[in-house]
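Coordinates in review
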Amino acid sequence: MMTDPIADFCTRLRNANTNKRKQFTIPASKVKVGIAQVLKDEGFISGYHVEPQKPQSTLVVDLKYGEDGELVIRKIARVSKPGRRVYTAALALRPLLRGMGIRVLSTPKGILSDRVARSQKLGGEILCEVT
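For clarity, every value in this text was computed on a predicted model and none was experimentally measured.

Counting 24 residues, the largest nonpolar core has F9, L13, F24, L39, I45 and V130 as its most contacted members. Mapped onto this core, the elements with two or more residues apiece are helix 1 (5–18), strand 1 (23–27), helix 2 (30–41), strand 3 (58–63), strand 6 (102–107) and strand 8 (124–130). Apart from the residues lying within four places of it in its own chain, the contact partners of F24 are F9, R12, L13, A16, L59, V60, V61 and L63. Grouped together as the second largest cluster of nonpolar side chains are seven residues, L93, A117, L122 and I126 included.

Below, the structure is given as structure tokens:
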């Protein structure tokens, strides 16, 4: 039984990225699709799509690499966990690696990157950090 699907998403992304795979699949959910949308908007992945299937849809994420095959995603780590939730206010959000990395937040207005959350003055639960 899966107790932390967001950590599973991060682990599958990390493993596929390390093995230089073009894409990976994972069972879809609204939160995972939201995280994939943030990663696409911020330029960490090239795209994603949801394949409807029975009994559960599948999320297919297309990974992105540099011109010489260098990794775009160097590190992805789960911050808030089921046993220890981590929340932050909008004023406490600081750029990660001087703006080179992002934090993915769950806010009252949906799943957002820390840049968008700061501009909208929203705080929330920090799901993961991507550099």
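Additional details are given in the paragraphs that follow.
Next up on the list: the side chain of K32. Structurally, K32 can be placed in helix 2. In contact with K32, other than residues within four places in its own chain, are P5, F9, I26, P27 and L59.

Turning to the pattern of salt bridges, a few remarks are in order. Taken as a whole and judged by the stated rule, the model has seven salt bridges. Residues E42 and R115 are paired through a salt bridge, measuring 2.2 Å at the closest nitrogen-oxygen approach. Highlighted residues: E42 in the loop between helix 2 and strand 2 (45–51) and R115 in helix 3 (residues 114–119), separated in sequence by 73 residues. The class of E42 is partly exposed, set by a relative accessible area of 21%. Exposure remark for R115: the relative accessible area of 34% places this residue in the partly exposed category. Note that R118 and D114 form a salt bridge whose closest N and O atoms lie 3.5 Å from each other. In this pair, R118 and D114 both sit in helix 3, four residues apart, roughly one turn of the helix. Bridged by salt links that share partners, the residues R103, D114, R118 and E129 form one connected network.

Procedures and definitions
- The residue numbering used here restarts from 1 in each chain and proceeds along that chain's sequence as written.
- Selection of residues for local features in this predicted model requires a pLDDT of at least 70, selection of side-chain atom pairs for listing and counting requires 80 or more, and totals for whole chains, interfaces and linings are taken over all residues.
- Computation of side-chain values covers all heavy atoms of the structure but excludes hydrogens and water.
- Nonpolar core, defined: a set of buried Ala, Val, Leu, Ile, Met, Phe, Trp, Tyr and Cys residues in which side-chain atoms within 4.5 Å join the residues together.
- Each residue is placed in one exposure class: buried if its accessible area under a 1.4 Å probe, protein chains only, is under 20% of its type's maximum, exposed if it is over 50%, and partly exposed if it falls in between.
- A run of H or I in DSSP becomes a helix once it reaches four residues, and a run of E becomes a strand once it reaches two; helices and strands are each numbered from the N terminus.
- Contacts are residue-level and defined by heavy atoms, with any inter-residue pair within 4.5 Å sufficient.
- What counts as a salt bridge is simple: a side-chain nitrogen of Lys or Arg found within 4 Å of a carboxyl oxygen of Asp or Glu.

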